[in-house]
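Chain by chain, the residues run as shown.
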Amino acid sequence: MMKGISRFFSQSEIRKKILSVYLMMALMATIISGCGNIKNKDKDTIRIGVSVYDIHDTFITQLMDEFNSYADANVTVITYNAGQSMKEQNNQMQEMIDGGCDVICINLVDRTEPEHIIDLALKYDVPVIFFNRELTGEDLRRSDNFYYVGSDAMESGIMQGELAAEGILDENLNIDANGDGYIQYVMLQGEAGHQDAIVRSEYCVETLIDHGIKLDRKGLAIANFNRTQAQSKIEQLINAKTEIELIIANNDDMALGAIDAYINIFGDKAKSMLPAIYGIDGTIGGLEAVKTGYMYGTVYNDKEGQAHAMYDLAIALATGQPLDDLGIEDEHYIRLPHTKVTLDNVNDYLY
Amino acid sequence: MWNPRNIFNESKWLAAIVTAIVIGIVVCAIDVINVDGTVVKYQISVIVDDSNSARWDSFQTGLRQAARENGIRLNYVTTDFEGSPLQEKNLIDQEIENGADAVIVQLCSGSGGIDILSDVPANVYIELIDNNVEKEELDNSRISFIGADSVQVSSELATRIEQDLGDLTGVRIGILAGNLKLASVQERINAFKEVSQEVGAQIVFSVEATELTEREIGELVSNNDADILVALDNDVTETAADYIQMVDSYNSYPTNGRKNVKLYGIGCSPENLSDLDQGIIGGMVVINEYEMGYMAINSLAYVLKDERSKMSDYTVGYAYVTGETMYDEGNQQILFPIGD
Amino acid sequence: MGIFKGRDSRIKKGHHELRRKLVARNIQITLLTSYTVVSVLSMSLLGAVLYRSFASISRQVATDNARTILSQTGEKLEDYLRQMRQLSDAFYYTSIQTSDVYVDKIGSQMNLLYESNKDYVVSMALYESNGRLLGAAPSAIQKKNIDVTTQEWFTDATGEVENMHFSTPHVQNLFSDSSNRYYWVISLSRSVMFTRGGIPKQGVLLVDMDYTTVYQMFDILNNSLSQGYIYLCDREGRIIYHPQNMQIVSGLYEENNATVASYSDGVYEEKFNGEKRIEIVNTISYTGWKLISVIPTKNLSVGLRSTRSFMILIVLLVMLAVLLLNRLISARISSPIRKLTASIHDIEVTEKSVPIVYIGGSNEVQYLGTTLQKLLNQISFLMGDIIKEQEEKRKSELDALQSQVNPHFLYNTLDSIVWMVEDGRNKEAVYMITQLSSLFRISLSSGRNIIRVSEEIKHAENYTNIQKVRFKDSFSVSYDIDPEIMDCCIVKLVVQPLLENAIYYGVKGMEDPGSIKVRGYRKGDDVYIEVEDNGYGMSPEQAEGLLTEEGRTRARGSGVGLINVHRRLQLRFGKDYGLMIDTEADEGTKVTIHMPYIEYSEESARDVESAEYI
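Residues numbered from 1 in each chain as written. Chains lettered and ligands numbered in written order. Predicted model: local features only at pLDDT ≥ 70, side-chain atom pairs only at ≥ 80, totals over all residues.

S.K.: For this particular structure, what's the right way to read the sheet that holds strand β9 (residues 266-272) of chain C?
M.R.: The strands making up a sheet associate through hydrogen bonds between their backbones, and the pairing can be parallel or antiparallel. Residue and element names in this part refer to chain C. With antiparallel pairing, five strands are arranged side by side in an open sheet as β8-β7-β11-β10-β9. Each edge of the open sheet is held by one strand with a lone partner, namely β8 (239-241) and β9. Across the sheet, the axes of successive neighbouring strands diverge by a mean angle of 35 degrees, strand direction being ignored. When strand β7 (residues 229-233) meets strand β11 (residues 290-296), the two strands line up antiparallel, connected through five bridges. Across the sheet, Cys233 pairs through a bridge with Lys290, a residue of β11. Seen against the sheet, helix α5 (residues 211-224) touches β7 and β8 and runs at an angle of roughly 155 degrees to β7. (Pairing = 2+ DSSP bridges. Helix = DSSP H or I, 4+ residues; strand = E, 2+ residues; numbered from the N terminus. Axes fitted to C-alpha atoms, helices over the stretch in contact; angles between N-to-C directions. Contact = placed C-beta atoms within 7 Å.)

S.K.: Could you clarify how one ought to interpret helix α8 (residues 214-224) of chain B in this entry?
M.R.: Residues and elements named next belong to chain B. Three or more residues of α8 are buried, namely Glu214, Ile217 and Val221. For α8, the angular spread of buried residues about the axis comes to 60 degrees, placing them on one side. Seen from the open side of α8, the exposed residues pointing more than 90 degrees away from its buried face are Arg215, Glu219, Ser222 and Asn223. Positive backbone phi, at 55 degrees, marks Asp225, one or two positions downstream of α8. (Buried ≥ 20, exposed ≤ 12 C-beta atoms within 10 Å, placed from the backbone. Arc of directions from axis to C-beta.)

S.K.: Can you walk me through unusual backbone geometry in this structure?
M.R.: Negative phi is the rule for most residues except glycine; trans is the rule for most peptide bonds. Here the amide bond leading from Ala137(C) into Pro138(C) is cis, since omega sits at 0 degrees, within 30 degrees of zero. Positionally, Pro138(C) belongs in the loop between β2 (133-137) and α4 (152-159).

S.K.: Just checking my understanding: could you explain the packing of helix α9 (residues 234-245) of chain B against helix α10 (residues 270-278) of chain B for this structure?
M.R.: Angle between the axes and distance between the axes are the two parameters that describe a pair of packed helices. All names here are of chain B. For the pair α9 and α10, the least separation of the axes is 9 Å and the interaxial angle reads 45 degrees. With respect to α10, the element α9 is oriented oblique. Relative to α10, α9 is oriented so that their crossing is left-handed. Within the contact between the two elements, α9 uses Asn234, Thr237, Glu238 and Ala241 and α10 uses Glu271, Asn272 and Asp275. Classifying every residue of the contact of α9 with α10 gives one nonpolar, three polar and three charged. (Parallel < 35°, antiparallel > 145°, perpendicular 65-115°, else oblique. Left-handed = near helix turned anticlockwise from the far one by under 90°. Nonpolar A, V, L, I, M, F, W, Y, C, P; charged D, E, K, R; others polar.)

S.K.: Teacher, can you tell me more about the interface of chain C and chain B here?
M.R.: A common way to report how large an interface is uses the accessible area buried once the components associate. Tallying the contact residues gives 31 residues for chain C and 37 residues for chain B. Those elements that provide at least two residues to the side of chain C that touches chain B are α2 (27-96), β4 (170-171), α5, α6 (245-249) and α8 (297-343) of chain C. Ranked by residue count, the leading element in the side of chain C that touches chain B is α8(C), at 13 residues. Tallied by class, the residues present in the side of chain C that touches chain B amount to 18 nonpolar, nine polar and four charged.

S.K.: For this particular structure, what's the right way to read the nonpolar core?
M.R.: Most often, soluble globular proteins keep nonpolar side chains buried together rather than apart. In terms of nonpolar packing, the biggest core is built from 203 residues, with Ile129(A), Met310(A), Leu176(B) and Val230(B) touching the most fellow members. Filtering out sequence-adjacent residues up to four positions away, Ile129(A) remains in contact with Val103(A), Cys105(A), Tyr147(A), Val149(A), Met310(A), Leu313(A) and Ala314(A). By size, the runner-up hydrophobic cluster in this structure holds 51 residues, among which are Leu163(A), Phe225(A), Ala230(A) and Leu274(A). (Core = buried A, V, L, I, M, F, W, Y, C linked by C-beta atoms within 7 Å.)

S.K.: Looking at this structure, I do not really get the confidence of the model for chain B. What am I missing?
M.R.: Residues and elements named next belong to chain B. Residues of chain B with pLDDT of at least 70 account for 87%, and the chain-wide mean is 81. When pLDDT is averaged over each helix and strand of chain B, the minimum, 53, is found for helix α1 (residues 4-10) and the maximum, 93, for strand β10 (residues 283-287). This model gives residues 248-258 a pLDDT under 50, and the stretch forms 24 contacts once residues within four places in sequence are excluded. (pLDDT = per-residue confidence, 0-100.)

The following block contains the structure:
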């Protein structure tokens with residue numbers, strides 16, 4: 001063996017030989033390690049990454065259920081829960097990009113801080129569909145590949161107001177129980193400072209006023225869109241012997257919480273003690289409440305429509321198809337209209 | 001003048017030293033370069049049925065924690081097989097095509113499972129969770145299983161029920177089980193039957209309850225005059241609990257009164273825990289799903305990083321809890337894993 | 001025994017061979033070996049020393065870094081806990097103490113505080129000492145059948161009324177939540193005094209802090225650490241946060257929090273589960289919680305691994321360069337020596353040719369080469385000298401041989417004899433023939449060169465007798481030899497040439513009859529034989545010339561010059577002996593043979609014969 005090595009070395013200048021071997025190995029090592037991450041991707045499958053702001057949000061959960069049901073065999077959906085952490089959502093954005101997602105759907109935790117997500121999307125040129133939690137127009141317009149799918153909070157507030165107004169003006173319902181011409185009402189609001197909550201509340205009340213309803217506010221409680229918190233707040237009001245003729249809740253969960261409060265306190269007599277309750281969202285629970293008469297009406301937030309629109313848009317973006325028939329307004333927005341739901345049409349929405 | 005040939009002819013040991021040094025240089029060079037270069041990031045996909053169900057919360061927490069610790073890219077695939085092995089197979093294939101180095105799978109069918117697994121390319125690792133198959137048929141050393149020991153879990157449940165009631169003689173028990181096509185489900189049923197019948201209990205019915213509604217469960221209970229309901233699966237336990245409360249699955253209004261049947265189950269979802277807390281479920285065996293998720297990723301990461309090591313099955317822990325004991329220090333860690 | 005002997009000798013031979021091989025006989029290899037060993041050893045030593053000091057420095061740096069991070073984290077945590085305490089204070093002093101629970105809606109006041117802190121706080125609640133809930137935010141819907149008086153936060157608060165108490169993290173078990181959510185909280189509880197209907201009462205104020213805030217803070221911190229991790233436990237060692245908490249609970253990981261919790265602040269080197277680690281402890285004020293940073297020491301070396309590889313790489317590269325340089329240098333030094341060696345390898349010096357010695361390299365080697373060349377040249381020259389000497393000797397021998405049979409003398413004598421026979425002077429002829437035959441017999445002496453003096457004298461007498469007849473008695477010869485020396489060794493044919501000279505250069509042609517006297521005597525250890533004539537004599541210059549080369553060639557008659565005789569004597573007896581010439585012009589010449597006294601015997605004759613005094 002030694003002779004062989006001797007011969008090897010003696011065939012040319014040792015130094016050069018060593019240098020070339022070294023360089024060769026260095027080159028190979030770099031190539032190998034650099035190549036490690038590149039994997040062959042089959043372009044027949046479409047990968048959609050989704051990050052929801054909180055998996056405990058009923059509406060979002062039901063929306064995502066709809067969305068997932070549309071997925072064909074060649075479409076893979078990867079879902080992440082940001083758990084109300086913007087930082088976590090930023091990480092998830094990176095992961096989705098690394099994971100080779102063709103389209104990314106983001107349900108922003110913090111609408112005021114989408115920079116990191118936008119930066120990553122611009123850097124890797126990935127199309128992003130924001131949904132349900134709306135960011136500012138300027139941010140959305142930073143790329144031609146950014147879209148927003150959702151609904152118009154203002155519209156829902158107005159519709160809720162209209163529903164309530166109709167109900168109040170309907171003598172059969174006798175919402176003004178004490179007949180003093182004023183409606184004693186309680187507003188159950190979502191999060192403090194939450195854009196949708198504020199918009200819905202304001203427009204609902206404004207609409208009522210526009211319809212000539214005279215309002216007497218007996219309570220404004222922030223229940224953070226949470227059913228139990230709403231229950232707690234309403235119970236407190238009930239225990240304080242507050243006279244309540246109308247409860248307006250920014251979402252169905254809180255409306256259900258209000259109902260829970262009455263059931264909890266009055267038990268079987270609850271239904272008779274209930275004031276008029278209106279919610280927004282049209283979650284299955286809310287619809288059931290409307291169906292069973294516990295709630296007088298809700299405003300249906302078209303989760304099916306949104307899910308479908310999101311899905312179609314995502315597929316179109318991933319496959320590079322034209323976006324003409326998708327109902328995009330203003331180049332970036334797809335807004336699904338709300339519909340009012342009362343006992344009359346609730347069955348249409350329930351199944 | 002300076003002819004290398006001379007050294008090597010003159011001194012063989014000098015040639016040896018120089019060769020050794022050169023090899024050493026090359027090795028170190030590679031080592032130094034490698035550390036600066038990008039580290040290979042492995043990709044593991046997770047395919048379980050009804051992936052977004054809250055039942056997988058603990059499991060996901062474990063997965064993500066281990067993924068973070070090991071630098072693994074985790075793809076938690078959104079699914080809803082509704083019992084279709086074909087769909088599951090499709091997803092597995094897609095994930096492998098997309099570059100998954102390993103796939104964590106909850107098989108939704110017993111026999112179909114073998115077919116799915118036999119098609120898997122040889123360089124992909126498969127970690128089965130919750131439901132096992134007869135791996136010997138597959139002759140593939142890259143498949144292993146993590147889950148609870150079905151026999152032990154069921155036996156524990158049966159024993160605890162006996163302790164709770166004091167005496168099971170003549171007690172009428174109705175068994176609600178998961179997908180009967182799965183071997184682990186059968187094991188659970190058989191183990192439970194064995195232990196409970198040994199102490200004198202009477203099994204009045206034993207059905208696959210995955211598709212049953214609350215109403216149908218109610219009918220079974222009244223038709224067979226069951227005293228106790230035993231649900232051997234998380235989703236089934238949820239449905240049974242709903243039945244007990246006489247509410248439907250969306251937890252909206254109570255529509256009827258209650259029926260006085262005791263419910264015991266196996267599960268881990270927040271809904272079940274809440275029901276347990278309220279006493280709707282008398283006692284529940286909670287499998288440490290966090291451990292399952294964590295160890296699934298951890299052991300895969302281990303074999304991915306070290307080709308020579310082999311995969312082996314792993315049994316996760318479990319605990320029997322009641323409404324009173326669920327907040328005890330040891331239990332609350334397992335029932336309510338933290339880690340976002 | 002015989003067999004073993006053979007083997008032994010073979011082994012011994014082997015040992016010798018081996019030893020020979022091991023002892024570096026080759027300069028180049030010696031140089032190379034010693035350079036190589038020195039450079040390899042010193043580079044390795046240097047590398048090792050540098051690496052160790054680097055390792056220890058980086059370890060120190062890592063420890064210092066960890067301490068800094070730890071104390072910063074500690075401060076952050078303390079700030080957070082203080083904030084929560086201030087919240088509790090705020091509520092207590094502004095609301096509880098100023099309100100009457102009976103009248104005021106304690107719940108709504110709590111709401112305000114809750115709303116502004118809801119990122120950190122899960123809930124706030126006020127309880128009576130019997131466990132009854134007076135107010136809570138955000139939700140006051142309690143779980144059914146709950147008894148808070150058994151919960152740890154409650155008992156801690158009532159147990160020690162002057163302090164605020166932080167609990168270890170636990171799942172909140174107070175309120176019902178329709179969404180089945182559970183919250184991990186750290187309970188901050190304190191005993192309070194409130195008023196109901198004007199009556200002061202005891203209660204407990206509970207602020208449940210969101211544990212996930214703490215958890216995330218530590219999670220982010222631990223993720224940013226390049227080595228080791230940080231965990232938090234209370235005074236008794238119960239874990240509040242640990243990055244591997246779930247693994248510890250599941251039995252997959254072990255931690256020595258129980259022991260470390262009792263340590264005071266500082267840096268400790270511990271061994272746990274066979275692993276060496278550095279542990280740094282930092283105590284959080286007010287709560288007595290311990291913030292512990294753990295750095296497994298092998299992590300430090302893993303981080304160092306690339307550095308170590310890099311250092312080894314550098315060391316190896318330098319070693320290689322040094323080795324090759326050594327090779328170069330040793331070659332340059334030793335190659336001239338080798339060339340020198342090669343050029344005189346099969347050295348063959350003859351008197352005609354001398355190998356060309358390589359002269360080059362360093363000064364010393366050049367000097368060696370030059371000197372060697374000179375030596376070789378000298379050898380060659382000396383060889384030539386020796387050859388010449390040998391030739392001389394041969395010539396002398398030849399001369400001597402020639403003189404043994406002198407043709408001239410023979411012709412002349414035979415002529416004389418013929419005349420005598422023709423003249424009928426037979427008696428004279430017989431006399432002449434007898435003398436001649438004796439002369440020749442002694443001349444030859446059977447090839448011997450050393451004979452007795454008696455024989456030599458006989459020879460001389462033969463000669464002079466013949467010459468006397470030939471020269472008609474124109475001169476007279478007398479022999480006076482001491483009988484003592486008759487049996488001594490003498491080189492043959494030394495007297496006769498003297499007589500010849502005496503006749504031809506001394507007395508021949510003298511008017512008066514010449515006389516030659518031959519005398520031989522012993523003096524101590526010496527023997528002298530004189531041949532004296534009263535002839536013409538010589539001038540000193542001529543006398544000089546006799547013992548020179550010219551003397552040789554000028555010889556007539558017997559043809560042997562005096563120098564020849566002189567040389568032969570010296571050759572046999574040494575430089576101290578030989579001829580001495582004593583002459584005076586017109587007076588006469590006396591040539592003396594000087595020899596050592598050596599009694600003739602076969603042995604002594606042989607000795608003298610083989611002597612070679614040059």
